[in-house]
Amino acid sequence: MNASRDRFQDHVLGFLWRQWSALGVAGQSHPVDCWMIDPEALLLATTSLGRDPRLFDEVLDWLNINGQFINLQRLQNLGQRFGELTVLRAMAAHLARRSVHSKWKTLLREKSPVADSRLLFPGVPVIGSPDELFARHGWLRGPVKLRQLSQPADPHRPTNFLIKLRALFGMQARAEVMAYLLAVESGHPGEMAERLAYFPRTLQTTLNDLARSGHLQSRREGQEKRFWLRRDDWRFLLTWTAGAGESAPEFPRWVDWASLFIALESVARFLNRSDLERASPAVQAIELRACLDTLAPAFLRENIHVPPGATGAAYVKAVLGDLLRILK
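Below or above, wherever it landed, is the structure these notes cover. Keep in mind that this is a model prediction, so the values were computed, not measured.

## Focus: unusual backbone geometry
Notably, Gln148 is not glycine yet its phi reads approximately 55°, a positive angle. Residue classification places Gln148 among the exposed residues on the basis of a relative accessible area of 59%. A positive phi angle, near 65°, is found at Ala197, a position not held by glycine. One can find Ala197 in the loop between helix H9 (189–196) and helix H10 (200–211). Given a relative accessible area of 9%, Ala197 falls into the buried group.

Below you can see the structure in the form of C-alpha cells.
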C-alpha cells in the first residue's frame, strides 16, 4: 500500500503541475495537450490533492494574477462534489485582501468550522508563526510569500481555450456553452447543466439567447431541444498550430474533469487509510471496489477496465494502473 500510495501521489502531483503550468504557473514547460483545462475543477482538486508547498503557493500566485478568470458560482457548484472547501476559503481570504479580487469575499460568507487545526502540507512542520488567514480556517502553514512569477494564460494554447472564451464572452455561462458545443458538437440543456455545473434554467436561458443571434442552431428531438454550432463558422478561434497528424488545428477536447478528480480523491482516501495497510489483498480489493461504486457509472465505463475475474492484488493493480494511464 505504501509504495502504491507514493507512486499514485507522485503521478497526481505531476499531473497537477502540468495542468497549472499550461495555464501560466511558473514551472517546467510541457508538451501542449489537446484538451481544454477546467480552471474551477483544477483549483478544487488542488485544495485536496495538490497540497505540496511549492505547487500550492505557485497556484495562489497564479490566482493573484488571474483570479478574475475563475467563475466563483461554478466553483461553488463544483465544490459541493469534491475539493476541500476550508482550504479554498483560506485561499479566498488571501485573494480578497486586494480590491481587484474583492469578489472572492463571496466564498467567505460561510465561516469554516474550526475544530482541530491540521498541517496544510502533510509532513511539513510550521517554523515560526503560522499564517494567520489559513489558521483561521483550521490549517497550519508558514506565512504566504508569493514570488509573482505567474503569467496570464496564453490564449494561443488549446488547453486554455475556456479562459480564451471567457475573455471574449465574459464570465457567465456563455463561455462554457460555446466551449462545450465546439468540442462535443451538440447538447441539450439538462445534459449540459450537469456536465458544466450550472443550473438547468441558467443553461436554458443562455442557449435560447445565443440561438437568437442566428449563430446557434436548435431542433426538437422528442421532449428535448438540442442545440449545436457550425464549427467552420468559428475556426477563427483556432490560433494554434495543428497537432501531429492533423492537416489543420482542431478544437480541444472537452473532458469531464470533475468525475476524474472525484475518482482521484476517492482513491487517495483509500490509499491513505491506515487500517488497510496490513489488510489482506482480498480485503483491500473489496474496499477499493466499494470506493469505486460511489463514482459516476459513465466514468467507470469509459476509464476503468479491470480484467474479468481479477481479484485481490490484481484488481487493485489494474484499477491504479488505469488511473495512472489517464494521468500520463
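Having seen the structure, we can now continue with the description.
## Observations concerning the packing of aromatic side chains
All told, the structure shown has 13 aromatic pairs when counted by the stated rule. Summarising the aromatic geometry, the rings of Phe169 and Trp234 are spaced 6.4 Å apart at their centres and angled 55° between planes, so their arrangement reads as tilted. Here Trp234 lies in the loop between strand S5 (224–228) and helix H11 (257–271) and Phe169 lies in helix H7 (residues 161–169), a separation of 65 residues in the sequence. By relative accessible area, which is 25% here, Phe169 ends up partly exposed.

## Some remarks on the pattern of salt bridges
Per the counting criterion, the structure on display carries 19 salt bridges. Measuring nitrogen to oxygen at the nearest pair gives 2.6 Å for the salt bridge that ties Asp57 to Arg141. With Asp57 in helix H3 (residues 53–66) and Arg141 in the loop between strand S2 (139–140) and H7, the pair connects residues that are 84 residues apart, well separated along the chain. When sorted by exposure, Asp57 lands in the same class as Arg141, which is buried. When the shortest N-O distance is used, the salt bridge between Arg273 and Asp275 registers 2.8 Å. Classification of Arg273 by relative accessible area gives partly exposed; the value is 29%.

Rules behind the numbers
- Residues numbered from 1 in each chain as written.
- Predicted model: local features only at pLDDT ≥ 70, side-chain atom pairs only at ≥ 80, totals over all residues.
- Heavy atoms only, no water.
- Buried < 20%, exposed > 50% of the residue type's maximum accessible area, 1.4 Å probe, protein only.
- Helix = DSSP H or I, 4+ residues; strand = E, 2+ residues; numbered from the N terminus.
- Phe/Tyr/Trp six-rings, centres within 6.5 Å; stacked < 30°, edge-to-face > 60°.
- Salt bridge = Lys/Arg side-chain N within 4 Å of Asp/Glu carboxyl O.

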